[in-house]
Amino acid sequence: MLTPPLTIRAAMRGDIPDVLRHMRSLAEFEHYISDFTVDEKSLLTRAFGPHPECHIFVAECREVIIGYAVGLVIPFTYDLKKTLVLKEFFVDSGHRGKGAGSALFRYVAAWAIAEGGGRLKWDVMAGNQPAEAFYKKHGGCPDSKWRPYMMGEDALKAAAERHDD
């Protein structure tokens, strides 16, 4: 049952306060709110500045933003095709299961195709079975070939300063 009336579109500058509110909700859900430092100015610069670093899309119901997605573009990899990264995806809990997330995901998929993407990648927080079920329903699957790794800021600094081989 689709959440009526629903609009999916690219975010505009005026949407940033609402998008930021949803970003905070996601940060709370994923337990990194104490490290969350995004503010309106930085988000405006990164999404709408002279050299945008991300693409933001919103789901809007009755002129209220109920969800958002953030996409990144990796210009090329081994096959010279772009890899699109779904960095963040969030729909208000009161609007889940009503079609808003599916519509937003389809919009992101269409954006990836329009960008010339060869693939769309994303991470799912360990233990988030509803998210895994959602993505599987839309054709996504775990990547069995690659295992995600990461380094925090302290580890990056230590790696940059290492001199042993």
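Here the structure is a predicted model, which means the values were calculated and not measured.

Draft legend 1. Structural detail: the overall build of the protein chain. What the protein chain contains, in helices and strands, is five helices and five strands. Starting at the N terminus and walking to the C terminus, you meet the elements of the protein chain as β-α-α-β-β-β-α-β-α-α. Its C-alpha radius of gyration of 17 Å places the protein chain within 12% of the 15 Å reference for a compact globule of 165 residues. The C-alpha extent of the protein chain, read off along each of the three principal axes, is 60 × 35 × 35 Å. Residues classed as buried in the protein chain amount to 33% of the 165 residues present. Here the contacts in the protein chain between residues at least 6 apart in sequence split such that 61% fall between residues at least 24 apart. About 11,100 Å² of surface is accessible on the protein chain, with carbon and sulfur atoms providing 56% of the total.

Draft legend 2. Quick look at the side chain of His22. Relative to the helices and strands, His22 is located in helix H1 (residues 16–29). The contacts of His22, once residues within four sequence positions are left out, are Ile65, Ile66, Gly67, Tyr68, Phe90 and Asp92.

Draft legend 3. Structural context of the pattern of salt bridges. Applying the stated criterion across every chain, the model contains eight salt bridges. A salt bridge links Arg21 to Asp18, with the nearest nitrogen and oxygen atoms 3.5 Å apart. Of this pair, Arg21 and Asp18 are both found in helix H1, three residues apart, which corresponds to roughly one turn of the helix. Here Glu53 and Arg46 are joined by a salt bridge, their closest N and O atoms 3.2 Å apart. Relative accessible area serves as the criterion here: at 46%, Arg46 is assigned to the partly exposed category. It is possible to trace a salt-bridge network through shared partners that takes in Arg9, Asp15 and Glu60.

Draft legend 4. A look at the nonpolar core. Formed by 20 residues in total, the largest nonpolar core has its most connected members in Ala69, Leu86, Phe89, Leu104 and Tyr135. Contributing elements (two or more residues each) for this core: strand S2 (55–61), strand S3 (64–74), strand S4 (82–91), helix H3 (100–114) and helix H4 (129–137). Among the elements that make up this core, the one with the highest residue count is H3 (seven residues). In contact with Ala69, other than residues within four places in its own chain, are His55, Ile56, Phe57, Leu86, Glu88, Phe89, Leu104 and Val108. With 17 residues, the next largest nonpolar core counts Ala11, Ala27, Leu43 and Ala47 among its residues.

Draft legend 5. Representation of the side chain of Glu88 in the model. Its location among the elements puts Glu88 in strand S4. We note that Glu88 is buried and unpaired, the nearest opposite charge coming from Lys87 at a distance of 5.9 Å. Looking at Glu88, its side chain comes within polar contact range of the side chain of Tyr68, at 2.3 Å. The residues contacting Glu88, other than those within four sequence positions of it, are Met23, Leu26, Tyr32, Tyr68, Ala69 and Val70.

Draft legend 6. Spatial organisation of the pairing of S3. Here S2 runs beside S3; their pairing, made up of seven bridges, is antiparallel. Counterpart to Phe57 in the pairing with S3 is Ala69. Counting the residues that bridge the hairpin from S2 to S3 gives two residues, and of these Arg62 lies at a positive phi of roughly 50°. Pairing of S3 with S4, which is carried by eight bridges, proceeds in the antiparallel orientation. Paired with Ala69 across the two strands is Phe89, which belongs to S4.

What counts as what
- Residues numbered from 1 in each chain as written.
- Predicted model: local features only at pLDDT ≥ 70, side-chain atom pairs only at ≥ 80, totals over all residues.
- Heavy atoms only, no water.
- Helix = DSSP H or I, 4+ residues; strand = E, 2+ residues; numbered from the N terminus.
- Rg over C-alpha atoms; globule rule 2.2 N^0.38 Å.
- Buried < 20%, exposed > 50% of the residue type's maximum accessible area, 1.4 Å probe, protein only.
- Contact = heavy atoms within 4.5 Å.
- Areas by Shrake-Rupley, 256 points an atom, 1.4 Å probe, with all protein chains shown as cover.
- Salt bridge = Lys/Arg side-chain N within 4 Å of Asp/Glu carboxyl O.
- Core = buried A, V, L, I, M, F, W, Y, C linked by side-chain atoms within 4.5 Å.
- Lys, Arg positive; Asp, Glu negative; His and termini not counted.
- Polar contact = N/O pair within 3.5 Å; in protein donor to acceptor, adjacent residues only side chain to side chain.
- Pairing = 2+ DSSP bridges.

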